[in-house]
Amino acid sequence: MQQHLKSFVRGAIVPVVVLLVWEACARTGLVSPIVLPAPSAVAAKWWEALLSGELVHDSIASLYRVVVGFVAGAALALPLGLTMGSSPRLYGLFNPMLQLLRPIPPIAYIPLAILWFGLGNPPSVFLIAIGAFFPVLMNTISGVRHVDGIYLRAARNLGVGRLALFTRVMLPAATPYILTGVRIGIGTAFIVVIVSEMIAVNDGLGYRILEAREFMWSDKIIAGMITIGLLGLALDSAMNALNNHLLRWHRGLEH
Amino acid sequence: MQNPQIVVSDVQKVFRTQERDVVALKDINLTIKQGEFVCLLGPSGCGKSTLLNAIAGFSLPSSGSIQVDGQAVTAPGPERGMVFQEYALFPWMTVAQNVAFGLEVKGMSKGAMAERVDSLLDKLHLKDFRNRFPKDLSGGMRQRVAIARVLAMDSPIMLMDEPFGALDALTRRNLQDELLRIWAEFGKTIIFVTHSIEESIYLADRIVVMTYRPGTVKRDHRVAIPRHRDPSCAEFNELKRELGSLVMEEQQRHAAAEMKLAAVD
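Residues numbered from 1 in each chain as written. Chains lettered and ligands numbered in written order. Predicted model: local features only at pLDDT ≥ 70, side-chain atom pairs only at ≥ 80, totals over all residues. Heavy atoms only, no water.

Draft legend 1. Structural view of the packing of aromatic side chains. A complete count under the given rule lists 15 aromatic pairs over all chains for this structure. With a centroid separation of 4.7 Å and an interplanar angle of 20°, the aromatic rings of Phe 215 of chain A and Trp 217 of chain A are classed as stacked. Overall, Phe 215 of chain A belongs to the partly exposed group, its relative accessible area being 49%. On the basis of relative accessibility, which here comes to 36%, the residue Trp 217 of chain A falls in the partly exposed class. Three or more aromatic residues joined by ring pairs make a cluster, and in this case those are Tyr 151 and Trp 249 of chain A together with Phe 90, Trp 92 and Phe 101 of chain B. The cationic tip of Lys 45 of chain A hangs over the ring face of Trp 217 of chain A; the distance from NZ or CZ to the ring centre is 5.9 Å. Over the face of the ring belonging to Tyr 202 of chain B we find Arg 173 of chain B, whose NZ or CZ atom lies 3.9 Å from the ring centre. (Phe/Tyr/Trp six-rings, centres within 6.5 Å; stacked < 30°, edge-to-face > 60°. Buried < 20%, exposed > 50% of the residue type's maximum accessible area, 1.4 Å probe, protein only. Lys NZ or Arg CZ within 6 Å of the ring centre and 35° of its normal.)

Draft legend 2. Geometry of the side chain of Ser 59 of chain A. Residue and element names in this part refer to chain A. With respect to the helices and strands, the residue Ser 59 is situated in helix α3 (residues 54-86). A polar contact is formed between the side chain of Ser 59 and the backbone oxygen of Leu 55, at a distance of 2.8 Å. Those residues in contact with Ser 59 that lie beyond four places of it in its chain are Leu 205, Thr 227 and Leu 231. (Helix = DSSP H or I, 4+ residues; strand = E, 2+ residues; numbered from the N terminus. Polar contact = N/O pair within 3.5 Å; in protein donor to acceptor, adjacent residues only side chain to side chain. Contact = heavy atoms within 4.5 Å.)

Draft legend 3. Structural detail: the interface of chain B and chain A. Taken residue by residue, the interface counts 25 residues in chain B and 20 residues in chain A. Both faces considered, chain B and chain A share a buried interface measuring about 2200 Å² in area, 66% of it formed by carbon and sulfur atoms. Of all residues in chain B, Phe 58, Trp 92 and Lys 135 of chain B bury the most surface against chain A, accounting for 31% of the area lost on that side. Remark: the boundary between chain B and chain A carries 1 salt bridge. The shortest N-O distance in the salt bridge between Arg 168 of chain A and Glu 104 of chain B comes to 2.7 Å. Linking chain B to chain A there are 6 residue pairs in polar contact (both at pLDDT 80 or more). Taken together, the elements giving at least two residues each to the side of chain B that touches chain A come down to β6 (80-83), α2 (95-106) and α4 (139-152) of chain B. The greatest single-element share of the side of chain B that touches chain A, amounting to 4 residues, is contributed by α2 of chain B. Here the residues of the side of chain B that touches chain A are counted per class, giving 15 nonpolar, 4 polar and 6 charged. (Buried area = accessible area lost by both parts, 1.4 Å probe. Salt bridge = Lys/Arg side-chain N within 4 Å of Asp/Glu carboxyl O. Nonpolar A, V, L, I, M, F, W, Y, C, P; charged D, E, K, R; others polar.)

Draft legend 4. Inspection of the packing of helix α4 (residues 88-101) of chain A against helix α6 (residues 121-145) of chain A at higher detail. Residues and elements named next belong to chain A. Packing of α4 against α6 brings their axes to within 12 Å, and their N-to-C directions diverge by 145°. Here α4 and α6 pass one another in a crossing that is left-handed. Residue-level inspection shows Tyr 91, Leu 98, Gln 99 and Leu 101 of α4 in contact with α6, the latter providing Phe 133, Phe 134, Leu 137, Met 138, Ile 141 and Arg 145. Residues that form the contact of α4 with α6 fall into these classes: 8 nonpolar, 1 polar and 1 charged. (Axes fitted to C-alpha atoms, helices over the stretch in contact; angles between N-to-C directions. Left-handed = near helix turned anticlockwise from the far one by under 90°.)

Draft legend 5. Highlighting the domain arrangement of chain B. All names here are of chain B. Assigned domains of chain B: these are domain 1 (4-79 + 155-264) and domain 2 (94-154). The interface of domain 1 with domain 2 comprises 17 residues on the first partner and 13 residues on the second. Across the domain 1/domain 2 interface, buried area totals approximately 1200 Å², and carbon plus sulfur atoms make up 66% of it. By the criterion of area lost to domain 2, the three top residues of domain 1 are Ser 155, Leu 175 and Glu 178, representing 30% of everything that side buries. (Domains from an automatic or database assignment.)

Draft legend 6. Structural view of the sheet that holds strand β10 (residues 217-222) of chain B. All names here are of chain B. Pairing in this open sheet of 6 strands is mixed, and the strands run β6-β7-β8-β3-β9-β10 from one edge to the other. In this open sheet, the two edge strands, each paired with only one partner strand, are β6 and β10. Strand-to-strand, the axes of this sheet are offset by a mean angle of 15°, without reference to chain direction. Taken together, the 5 bridges between strand β7 (residues 157-161) and strand β8 (residues 189-194) define a ladder with parallel strand orientation. Each residue of the ladder has a partner; that of Ile 157, found in β8, is Thr 189. (Pairing = 2+ DSSP bridges.)

Draft legend 7. Molecular detail of the sheet that holds strand β5 (residues 71-72) of chain B. All names here are of chain B. Reading across from one edge, β2-β1-β4-β5 is the order of the 4 strands in this open sheet, with antiparallel pairing throughout. Every other strand in the sheet has two partners, leaving β2 (21-33) and β5 as the edge strands with one partner each. Alignment of strand β4 (residues 63-68) against β5, held across 2 bridges, turns out to be antiparallel. In the sheet register, Gln 67 faces β5, and the bridge partner there is Ala 72. With respect to the sheet, helix α1 (residues 48-56) is in contact with β1 (4-16), β2 and β4, its orientation differing from that of β2 by roughly 60°.

What follows is the structure, given as structure tokens:
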């Protein structure tokens, strides 16, 4: 307990010092509040946005797009990755095209996304789906390819049929890789959602910080950025917990 | 005289590599009766695992045939359960799920399955570990689970590929005794690959000593020492000496061949 407290205090030193220096700079008028508002002003703005419900509304809007886009991308990537990983023929068929498309950043699809889907949620979800698709796909393929042959031999010896071999042996054996892909995919989705909200929609955290820029509300911009950080952290922690649960059998997690 | 259960006739296995062909098995003829405990003994590279894999159906012979109960072996199947040296348990399944898996894919009813799994876990002293994952078990425990998994399938034949090779001496003896108990109780036919002379004498009805490349049968020896065998008794040691010199001849050929290969490289 004492140890915990000690490390907490040690970890808090740098942020507290930074905040104090920042606050001092702003109060003394060393920098203009438009360039860098005081942390106390940011906190006040954040609190205000929270109470007004705007923050909650924007967070939910952003999160909704991340979830729908990610699920759409992963739902395509997972079965494709499983079949490509297990069939060299399909791999040979699809891989060249995918390798060509993969380096194109989702952001580069923005003009097409607007042409195809207009404004609102659809282009945003489309961009996020593309962002999530490739990490999940590539990791699923390598997960399936790295399944230890001994499991397949043991399963065949037990008389396991093709379908069960796929769902009960190859899929779980590949989960560590797949989950790594999911985690990277969610990270990408989170980046893409903020960018996409800056162009095609009129709510969400990305939209809100861009809107604040129009009025030079720097305190609101920073409050929005901090919310993005907190949301990302929460998403990653949730993912981490899921990971630990699904991989509780995995050797790598031994303490 | 009982009909033989496993008939290996004129089996030959050639592995083709880019540089050369390696004859792993040559002119293997063996007949094994139901309930027999046979050890395949020899240095590494003598083809004993290759022969076991051929009987298991993982890697079919280049020529010749293997028949089990009159049927030619063409693929792996649960009537020839395999215990691997590296355990090959499914790490994402608990002990009980591993043992039940083969029954589950066979479509056995939940009740019958639970009953059989329980009784096997009980028999192999795994009851307290039924909900553990393999990573939490010692090597000896894991191999017990692998044995239970094969027993669950009720395979008449158990194929074992150096199953105790990675275990310490005490655990090994312990599992050998357990295996003999299981063999006596369930009346399985066991083909057991090992390079330990002592292990083969301790376990087998019959020891098939194999030669280093090409793998042929050098000696087919029936062990006459009554069970339960005492490794310190005179007969045991005499046989150990005798088989030991046979195996060492092959080991020396193995070493010489490796030296020659290294010189060529």
